Amino acid sequence: QLPRWRFFGYCALPMAAHSVDIATTLWGMEYSIHECPKKHAENLVSLFPGVDVSNMLVIPTCQNSDVDLVRTGEPIEQEKDRLLERFMKWAQFVCDKLNKEGHFSDYIDPCSGLPMVNKNNQCVYGEVDALSTLLGYKTTNSGCCKVLLHPKWGTSVYPASMFTKAPKDVFLAAVKSAEDALA
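Okay, so let's go over this structure. Predicted, not measured: the structure shown is a model, and the values here were computed from it.

1. Details of the side chain of S65
Within the secondary structure, S65 is located in the loop between β6 (57-64) and α2 (74-100). Residue classification places S65 among the buried residues on the basis of a relative accessible area of 5%. A polar atom in the side chain of S65 sits 2.4 Å from the backbone oxygen of V67. Setting aside residues no more than four positions away along its own chain, S65 makes contact with E79, L83, S156 and V157.

This is the structure in structure tokens:
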């Protein structure tokens, strides 16, 4: 079966057999909600030992940066820190709320690739590969690093992910609470 294509300005991306809704927070962070594909399940078993990953939701996020994050220098590092801080506050709020309600939830530290709630392993999660698989985003190489190419923002993007076993509506309610509390 041939892939369907969605056009975003200057590039076309292959889409999964189903359309993916991309939501945006009040401050412009994009996120989408995916049932864990088989390709990810093995990685999640290693990432979250002892957790049943069936019915796990994978939530990749993207923040548009003010600068091209492939470059180096103090302004780029400051921008990465700003985007990291914003994601970490949001993800911690959402995960804390869901975990208190009895739903397994965790998020990935984009700097290390390690889970932030369940810290009982050293398995690293690949954000770039995840967005490539889940959303069909293209990648490129920059030196020895694989870099995500966002369809609208190019390499001015900061990806990060979270996971939960909460039902989608419960997750969305936690996102709404986070937006209300952090706005």
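2. Digging into the pattern of salt bridges
Going through the model one piece at a time under the given rule, you end up with eight salt bridges. Close ionic contact of E101 with K97 constitutes a salt bridge, the shortest N to O distance being 3.1 Å. On the basis of relative accessibility, which here comes to 41%, the residue E101 falls in the partly exposed class. Given the relative accessible area of 28%, K97 is considered partly exposed. A salt bridge links K146 to D129; the shortest N-O distance between them is 2.8 Å. In this pair, K146 is assigned in strand β9 (residues 145-149) and D129 in helix α3 (residues 127-135), connecting sequence segments 17 residues apart. Among the residues examined, D129 registers a relative accessible area of 42% and is labelled partly exposed. One salt-bridge network, in which partners are shared between bridges, spans D66, E79 and R82.

3. Some thoughts on the nonpolar core
In a soluble, globular protein the nonpolar side chains are often hidden away together inside. Counting residues in hydrophobic clusters, the biggest one holds 25 residues, and the most contacted among them are I59, F87, W90, V94, Y107, M162 and F171. If you list the elements that add at least two residues to this core, you get β6, α2, β10 (157-164) and α4 (168-182). With 10 residues, α2 is the single largest residue contributor to this core. If you look at the next biggest cluster of nonpolar residues, it comprises 23 residues, including L47, V128, A130 and V157.

4. Remarks on the packing of α2 against α4
Relative to each other, α2 and α4 sit at 130 degrees, their axes nearing to 9 Å. With respect to each other, α2 and α4 are oriented oblique. Where α2 crosses over α4, the handedness of that crossing is right-handed. Judged by residue contacts, K89, W90, F93, V94, K97 and L98 of α2 engage V170, F171, A174, V175, S177, A178, A181 and L182 from α4.

Rules behind the numbers
- Residues numbered from 1 in each chain as written.
- Predicted model: local features only at pLDDT ≥ 70, side-chain atom pairs only at ≥ 80, totals over all residues.
- Heavy atoms only, no water.
- Helix = DSSP H or I, 4+ residues; strand = E, 2+ residues; numbered from the N terminus.
- Buried < 20%, exposed > 50% of the residue type's maximum accessible area, 1.4 Å probe, protein only.
- Polar contact = N/O pair within 3.5 Å; in protein donor to acceptor, adjacent residues only side chain to side chain.
- Contact = heavy atoms within 4.5 Å.
- Salt bridge = Lys/Arg side-chain N within 4 Å of Asp/Glu carboxyl O.
- Core = buried A, V, L, I, M, F, W, Y, C linked by side-chain atoms within 4.5 Å.
- Axes fitted to C-alpha atoms, helices over the stretch in contact; angles between N-to-C directions.
- Parallel < 35°, antiparallel > 145°, perpendicular 65-115°, else oblique.
- Left-handed = near helix turned anticlockwise from the far one by under 90°.

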